[in-house]
Amino acid sequence: STFFPLEELLHSPPSETLLRFLSSHASVVLRSICKSFNERAMALFDGETTTKVTEEVVQNCGFPLLRWLLDLPQPPEPEQVLFAVSAVGGEENLLALLLGTSPAHSFGLLSAEAELGWDSIARFFNFCAVLQGAVWGNRRALFEALLREVSTVIDRDELLSSILKDGWVQEAVTDGREWVVSSILSVTGGCGKLCAEFRHLSRLAKFPSSVLEELVRGGMIIHEHLFTFSRLIQLKEQLYRLTVEADATLLIIYALKGEVEKVEDARFPRGRDSEWDADAEGLYYASTFVKYLLVAAVVADSPLESIQRLYDWAVSRLGERLHDPEGLDRQKAEFHAIVFATEMQYSLSWSRDSDQDVVHAIIRRGPPEKAVAFLEWMRSLHPRVGWNGRFCDNAVYYNQLEVLKWLQRQEEPCPWGPKEAHMREEGPFGDYARELSGVTETPSETQSRADRAAFSKAKWSKDWETMKRLRTQDPPVPWGFPDLDPETPPELRAYEVDVARHLDEADEGTDPPPPPQGLEVRLAEHINACLDKEMDIRYTFANNFDPKTFPPFFFQRAISRFDPDPRLFVWLLHMGAASTTLIARLLRMGSTETKGKLKERLRKEFVPAFWRELSIVLCNFHKQLFPDVRTFEFLLVRRVPTKKEYEMHWQGRLSGARLGRPASLSGLSKAFEERERKEMQFVRLIEAMEAEGVICFPNVPASERQHHRDVTTVLTRLVEGWGREGWRPLLDRCRSVKVEGPQLGDSEVGGDHG
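What you see is a predicted model; the values in this text were computed from it and never measured. The residue numbers shown here count from 1 along each chain, following its written sequence. Side-chain atom pairs in this predicted model are given and counted only at pLDDT of 80 or more, local residue features only at pLDDT of at least 70, and totals for whole chains, interfaces and linings cover all residues. Hydrogens and waters are ignored; side-chain quantities use all the structure's heavy atoms.

### Observations concerning the layout of surface pockets
Note the cut-off: A cavity here means a set of points on a 1 Å grid, drawn over the protein atoms and nothing else, where a 1.4 Å probe fits but cannot get out; a pocket is an open set with protein on both sides within 12 Å along at least five of seven lines, and a residue lines either one if it has an atom within 4 Å of a point. Grid points are joined across faces, edges and corners, and a volume is the space filled by probe spheres set on the points. When residue character is reported, Ala, Val, Leu, Ile, Met, Phe, Trp, Tyr, Cys and Pro are called nonpolar, Asp, Glu, Lys and Arg charged, and the others, Gly included, polar.
By volume, the second largest pocket amounts to about 290 Å³. As for the second largest pocket, its lining consists of 13 residues, and the residues nearest its centre are Ser161, Leu164, Leu194, Cys195 and His200. By residue class, the composition of the lining of the second largest pocket is 4 nonpolar, 2 polar and 7 charged.

Below, the structure written as structure tokens:
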């Protein structure tokens, strides 16, 4: 290029700018330019062919370099280029020159008149890349200017929550750019509503003390909602949050940073208007604070001695408030129950990955020797701290076998409720559960348990031959839940594995293999038995439940109506090609009796809920564009960019992005298209049903008109807003059906979606 002297660059210091800037994205292209370029790259990187990109960009990046990069066959992502340019700075008006040359790199927030679509989201992604680049390059003035602009479309609470996320703010602060937090607080006016939960403590622990103290002065509190069915405890938790003040949060921060001496020198917090000094509720607030204090010390990996010192400090400061004049130690026993969460109302789990109480935290984090030493000390306190069966549950969940054994070896063993279930398992916990129960297995029971473990391993590793061997042996290893389906006949079990393999490996749209010759009638009889069997057990399954847990014919059971509707059936339908191709195959190749029964159940149980289920399928799919939002919220989104759209992307993708790797539109588009390919199988299924005479587009009854409206709204946005023409036939069909009852007003959009 005349404006980019490549040959001179190869043998001059600025060559490192080019090579480091592009080495991970287009190194193959660069090395193919000439041999000398390849030799220079290999020498610079000591034989490594890939490196980080933006972390190694130096200050002499100029406009000719940008032009050269954009002319590459595979140029870097726009977000990556904007991030680097805003971080590096370089020559004056470099960013403006880039924008004037390449419209793809434009960034900003659109006006209310602009259409919401790929272009508007691309501009916002670019905007956030520039903002993050300003952080990386320590360009505080640019960062604050951009942050003020983004605060016009992002709620201050969402901006503040970025401080607690595992994302670019976290990286910036731990990397020495502490000014980022000060800038966020100056733009948002403080963090009076910022609430750090237990799951945030590990991230906060990485912040310097000065940053944490600034957050506390700005109004941040540390509080975790206790998941409990006791309304009284729920009320007390809410009041704790309302009464906690900065002095209490600051002491938790000291414990989180391992600064026990600062806690010992402080007075015990009294809460707002000294409400923590009250005899009844006040002791609950004080005990909850001590629980948080000890959890913070465990997260900080403080030695057991430090945890004991914090406990002693709290008991000493509370003094007479823990004294029972009748000598029954009731106050201190209640104090222990709250601090160590020994009663169920104080210990219900909401997340296995949250340090919700001190025992949970220390068992989760280990090592087992420390957890056992803590439990020994805890049980030595007076009055004796009680047991909670969840201590054993946590030891099992976090693979702390030695902790579990210690809990069971005590004179009064800790209750372990589900050990009977573990007796059927392979591995050390199963062996220990059988040892405790005094169970001696027969050789056949031992072999059966080993076979189940082998089948489970083979299923997830896709070892089809092992699966087939275990399914066809006598007795066979069960595939899924025998209570839900009749057991597959022996002669069909090998074919069953072949179908599972086809659904896992074959291209979408291809039919499973036909049954072996002579087994067509037996297959039809088995499917008939599945169709005829009434549901004795009602199961509900999460949307992300893996259907591979069940044998290939299980979807037939999903046709049965669950309470309150056939959720599992529709769930399986929109999980992908597996159920779609198989049900289409059965509709075409099944016997007349089988097809008749299947069609009847479809008409009876699927068609009446068609519009409701279709609305949920499409809304969940469309939410790929707007993550972390519930369906009814999504339906309120309009075709112009508002705070709602920007907040969805900020909280779902942008605030959690890595500092050196800003979120890209191409990543969003790829995820969207992958989900779209799966959901298009639902359309093909509808076509297969129509071809077989199952009515899938009935007139819309008055009770379903809201769901029909939602389906039409989502499809309209897919086609007209995002240009996904593959959905237009379905949209035209939805618009053409007759809707019974009065027409809906705009106020009715976003009704009940379950």
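### Some details on helix 11 (residues 179–188)
Selection criterion: Note on classification: 1.4 Å probe, protein chains only; a residue is buried when its accessible area is under 20% of the maximum for its type, exposed when over 50%, partly exposed between these limits. Starting at the N terminus, helices and strands are each numbered in turn, a helix being any DSSP run of H or I of at least four residues and a strand any DSSP run of E of at least two. Should any heavy atoms of two residues lie within 4.5 Å, those residues are counted as being in contact.
Helix 11 sits mainly inside the fold: 7 of its 10 residues count as buried. Looking at helix 11, one finds that the buried residues are Trp179, Val180, Val181, Ser183, Ile184, Leu185 and Thr188. Residues of helix 11 that are buried sit in contact with helix 7 (118–136), helix 8 (140–150), helix 9 (156–161), helix 10 (168–174) and helix 13 (209–218). One or two residues past the end of helix 11 sits glycine 189, with phi positive at roughly 80°.

### Quick word on the nonpolar core
One recurring pattern in soluble globular proteins: nonpolar side chains tend to sit buried together. Quick note on the threshold: For the purposes of this section, nonpolar cores are sets of buried Ala, Val, Leu, Ile, Met, Phe, Trp, Tyr and Cys residues that join through side-chain atoms within 4.5 Å.
Counting 175 residues, the largest nonpolar core has Phe143, Val150, Leu204, Leu215, Phe289, Phe340 and Phe374 as the members making the most contacts within it. When residues in this core are grouped by element, the largest group, 14 residues, is from helix 17 (residues 281–299). Once residues lying within four places of it in the same chain are set aside, the contact partners of leucine 204 are Leu164, Ala196, Leu212, Leu215, Met220 and Leu256. Phe455, Leu470, Trp479 and Ala500 belong to the second-largest nonpolar core, a separate cluster that totals 9 residues.

### A look at the packing of helix 18 (residues 304–318) against helix 19 (residues 330–339)
Note the following rule: Structural elements are reduced to axes, namely lines fitted to C-alpha atoms, with helices fitted over the stretch in contact, and the angle between N-to-C directions of any two is expressed from 0 to 180 degrees. Crossings are assigned a handedness: left-handed for a near helix turned anticlockwise from the far helix by less than a right angle, right-handed for a clockwise turn.
One can describe the packing of helix 18 onto helix 19 by two numbers: an axis separation of 13 Å at closest approach and a directional angle of 145°. In terms of crossing hand, the pair formed by helix 18 and helix 19 is right-handed. Contacts from Tyr311, Val315 and Leu318 of helix 18 reach helix 19 at Lys332, Phe335 and His336. Residue composition of the contact of helix 18 with helix 19, by class: 4 nonpolar, 1 polar and 1 charged.

### Notes on the confidence of the model for the protein
The condition is simple: What pLDDT expresses is the predictor's confidence in each residue, scored from 0 to 100.
Overall, the predicted model of the protein reaches an average pLDDT of 77, with 73% of residues at or above 70. Counting interchain partners and residues more than four positions distant, the pLDDT-below-50 stretch residues 49–60 has 35 contacts. A low-confidence stretch, residues 556–578 (pLDDT under 50), is modelled with 76 contacts involving residues beyond four sequence positions or located in other chains.

### Observations concerning the environment of leucine 95
Along the chain, leucine 95 turns up in helix 6 (residues 94–101). Between the alpha carbons of leucine 95 and serine 106 there is a distance of 9.8 Å; along the sequence they are 11 residues apart. Here leucine 95 is in contact with Leu82, Val85, Phe107 and Val130, once residues within four sequence places are set aside.

### A few points about the pattern of salt bridges
Two side chains that carry opposite charge are able to pair once their charged atoms sit near each other. The criterion, for reference: Any Lys or Arg side-chain nitrogen located within 4 Å of an Asp or Glu carboxyl oxygen qualifies as a salt bridge.
Tallied over the full model, the rule gives 28 salt bridges. Residue glutamate 487 pairs with arginine 471 through a salt bridge whose shortest N-O separation is 2.9 Å. With glutamate 487 in the loop between helix 27 (464–472) and helix 28 (493–505) and arginine 471 in helix 27, this residue pair connects regions lying 16 residues apart in the sequence. The partner of arginine 735 in a salt bridge is glutamate 720, with the nearest N and O atoms 3.2 Å apart. A residue pair is termed long-range when its members are at least 10 positions apart, and arginine 735 in helix 38 (residues 728–736) and glutamate 720 in helix 37 (residues 705–721) qualify at 15 residues. Given a relative accessible area of 42%, arginine 735 falls into the partly exposed group. Within this structure, Arg471, Glu487, Arg493 and Glu496 form a network of salt bridges that share partners.

### Observations concerning the packing of aromatic side chains
To be explicit about the condition: Pairing of aromatic side chains here covers Phe, Tyr and the six-membered ring of Trp, requires ring centres within 6.5 Å, and sorts the geometry by plane angle: under 30 degrees stacked, over 60 edge-to-face, intermediate tilted. Our definition puts a charge over a ring when NZ of Lys or CZ of Arg is within 6 Å of the ring centre and also within 35 degrees of the ring normal.
Within the structure shown, the criterion is met by 23 aromatic pairs. Relative to tryptophan 313, the ring of phenylalanine 268 has its centre 5.5 Å away and its plane inclined at 25°; by these criteria the two rings are stacked. Placement of phenylalanine 268 in the loop between helix 16 (260–264) and helix 17 and of tryptophan 313 in helix 18 is noted, with a sequence separation of 45 residues between them. Under the relative-accessibility criterion, tryptophan 313 is labelled buried at 5%. Connected via pairs of aromatic rings, a cluster forms that spans Phe198, Tyr240, Phe268, Trp276, Phe289, Tyr292 and Trp313. Over the aromatic face of tryptophan 387 sits the side chain of arginine 379, whose NZ or CZ is 4.0 Å from the ring centroid.

### Here's the deal with the side chain of lysine 332
Our working definition: Any N or O atom pair separated by 3.5 Å or less is treated as a polar contact, with the protein-specific requirement of one donor-capable and one acceptor-capable atom, and with residues adjacent in sequence counted only for side-chain atom pairs.
Position of lysine 332 among the secondary structure elements: in helix 19. In this structure the side chain of lysine 332 is engaged in a polar contact, spanning 3.3 Å, whose partner is the backbone oxygen of histidine 382. If we skip the residues at most four places from it in the chain, lysine 332 touches Tyr311, Val315, Leu322, His382 and Pro383.

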